[in-house]
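Chain residues, written in single-letter form:
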Amino acid sequence: MPNVGRNDSEHENHKDGKGNVKAPENAHQISSDSWFQVAFVLTTGINSAYVLGYSGTIMVPLGWVGGVVGLILATLISLYANALVAMLHEYGGRRHIRYRDLAGFIYGRWAYTLTWALQYVNLFMINTGYIILAGSALKVTQIQSLPQFRISLGVWLGFSTLLSLAYIVIAFVLSLKDGLNAPPRDFSIPGNGAGKIFSIIGASANLVFAYNTGMLPEIQATIKQPVVTNMMKALYFQFTVGVLPLYLVTFTGYWAYGNSTSAYLLNNVNGPVWVKAVANITAFLQSVIALHIFASPMYEYADTKYGITGSALQIKNLTFRILLRGGYLTFNTFVSALLPFLGDFMSLTGAISTFPLTFILANHMYLTAKKDKQSSMQQLWHWLNIVFFSIMSLVATVSAVRLISVDSKTYHLFADL
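All values derive from a computational prediction rather than experimental measurement.

(A) Main features of the pattern of salt bridges. Counted according to the given criterion, the structure contains 2 salt bridges. Between R98 and D101 there is a salt bridge whose closest N-O contact spans 2.7 Å. On the basis of relative accessible area, D101 is assigned to the buried category, the value being 3%. Between D178 and K177 there is a salt bridge, with the nearest N and O atoms lying 3.2 Å from each other. When its relative accessible area of 35% is taken as the criterion, K177 is described as partly exposed.

Have a look at this one:
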């Protein structure tokens, strides 16, 4: 068992039986957080500014029955899938601090590369959505310009949690007030024919997107020993206490505005201008913070690959990070401006990366790693999961591409939504 307090650069090469797979050195520190700190990271993640979009992007296409049942089922299956990955963190007698390291250890080099590609696409798409959210928040508050700034040394978790708490409380209170004073709402599922069916399928991908990041091993790498036990505590907290704010805002928003609920809930609420401004500004700031958090695996990869260590203020390190990270975020921003359809991007992300990373790969990795310890019924259960989520991924991808195509024709590129 490796000493978890040391830097991962001390890990030796290892073999998986299918060829040598060398886990790259890690420029970032591991094993520093308690399970409760990690639980708050996970909870803040699922209650990010995306939570302001679920009333419109999940409840409207699915309705009360489909939306409520779907969110609860997605909570349970996401807990299960994440638990499978968490239990493999020390598989083979070493810590796997990256998702791609774990896949490479189990399958070989090809899986390492494929998993990294899927993870990169996943995080890029999530960040694109955060930029769309940040733009929506700025638009509502009518902020014309803001000074440039850059977060380079991490974000204080307490500050991030307070930001989330602010827009969640305001969105809930204003939605509740509007709902109590509003006439009867229409809760029927909008659309007809093929368009309605594709919207429902797209919303199913949004359900799994809401709870999963595709970077659980990277988050688990920060937790102290015993890593599996502590991570399970964090996951139980995330999927019990942590989901309550998400449920509260999502269900209240839909109840208040029915099928006219916007993809950005704060577009619907009524209240004092300054209160709405606080909600939108905190949502904007939280989006910026989350943007950098979800870009961190790419940052870590680049820092490790090119030997960027030591002081962040060294000319070499500073120049490299400004150029690389600035270029990455610039391209992210370009894509979000080109196709500013939040619900569609959530659907596409869930379809092409969340389903494969969190459900298909997790079940198959666990099946492969624990095959000798599982009964035939347990193995069959994992295969059923693999087949079902593979079909869901394929169907949801087709749906998401169609939704983006339709919206692109309706609103044109670079639309001001």
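(B) Geometry of the packing of helix 2 (residues 54–87) against helix 9 (residues 244–257). Following both chains from N to C, one finds helix 2 and helix 9 inclined at 140°, their axes separated by 10 Å at the closest point. Relative to helix 9, the element helix 2 lies oblique. Judged by the twist between their axes, the crossing of helix 2 over helix 9 is left-handed. Only L246, Y247, V249, T250, F251, G253, Y254 and W255 of helix 9 make contact with helix 2, whose side of the interface consists of Y54, S55, M59, V60, G63, W64, V68, L71, I72 and T75. For the contact of helix 2 with helix 9, a count of residues per class yields 13 nonpolar, 5 polar and no charged.

(C) Region of interest: the nonpolar core. In terms of nonpolar packing, the biggest core is built from 75 residues, with L52, Y54, L71, Y211, M231, L235 and M365 touching the most fellow members. Examining the composition of this core, we find that 12 residues originate from one element, helix 2, more than from any other. For M365, the contacting residues outside a window of four places in its chain are L88, Y99, L102, A103, I106 and Y107. Within the second largest apolar cluster, 14 residues are counted, among which are F124, M125, I131 and Y328.

(D) Inspection of the environment of T75 at higher detail. Within the secondary structure, T75 sits in helix 2. A sequence separation of 165 residues divides T75 from T240, and the C-alpha atoms of the two residues are 8.8 Å apart. Once residues within four sequence positions are removed from consideration, T75 is found in contact with Y211, F239, V243 and Y247.

(E) Structural view of helix 1 (residues 35–46). Helix length check: helix 1 (12 residues) gives 17 Å between terminal C-alpha atoms against 16 Å at 1.5 Å per residue, within 8%. When we look at burial in helix 1, the residues that qualify are V38, A39, L42, T43, T44 and I46.

Quick notes on the rules
- Residues numbered from 1 in each chain as written.
- Predicted model: local features only at pLDDT ≥ 70, side-chain atom pairs only at ≥ 80, totals over all residues.
- Heavy atoms only, no water.
- Salt bridge = Lys/Arg side-chain N within 4 Å of Asp/Glu carboxyl O.
- Buried < 20%, exposed > 50% of the residue type's maximum accessible area, 1.4 Å probe, protein only.
- Axes fitted to C-alpha atoms, helices over the stretch in contact; angles between N-to-C directions.
- Helix = DSSP H or I, 4+ residues; strand = E, 2+ residues; numbered from the N terminus.
- Parallel < 35°, antiparallel > 145°, perpendicular 65-115°, else oblique.
- Left-handed = near helix turned anticlockwise from the far one by under 90°.
- Contact = heavy atoms within 4.5 Å.
- Nonpolar A, V, L, I, M, F, W, Y, C, P; charged D, E, K, R; others polar.
- Core = buried A, V, L, I, M, F, W, Y, C linked by side-chain atoms within 4.5 Å.
- Expected span 1.5 Å × (residues − 1).

Shape descriptors only; they carry no functional weight alone.
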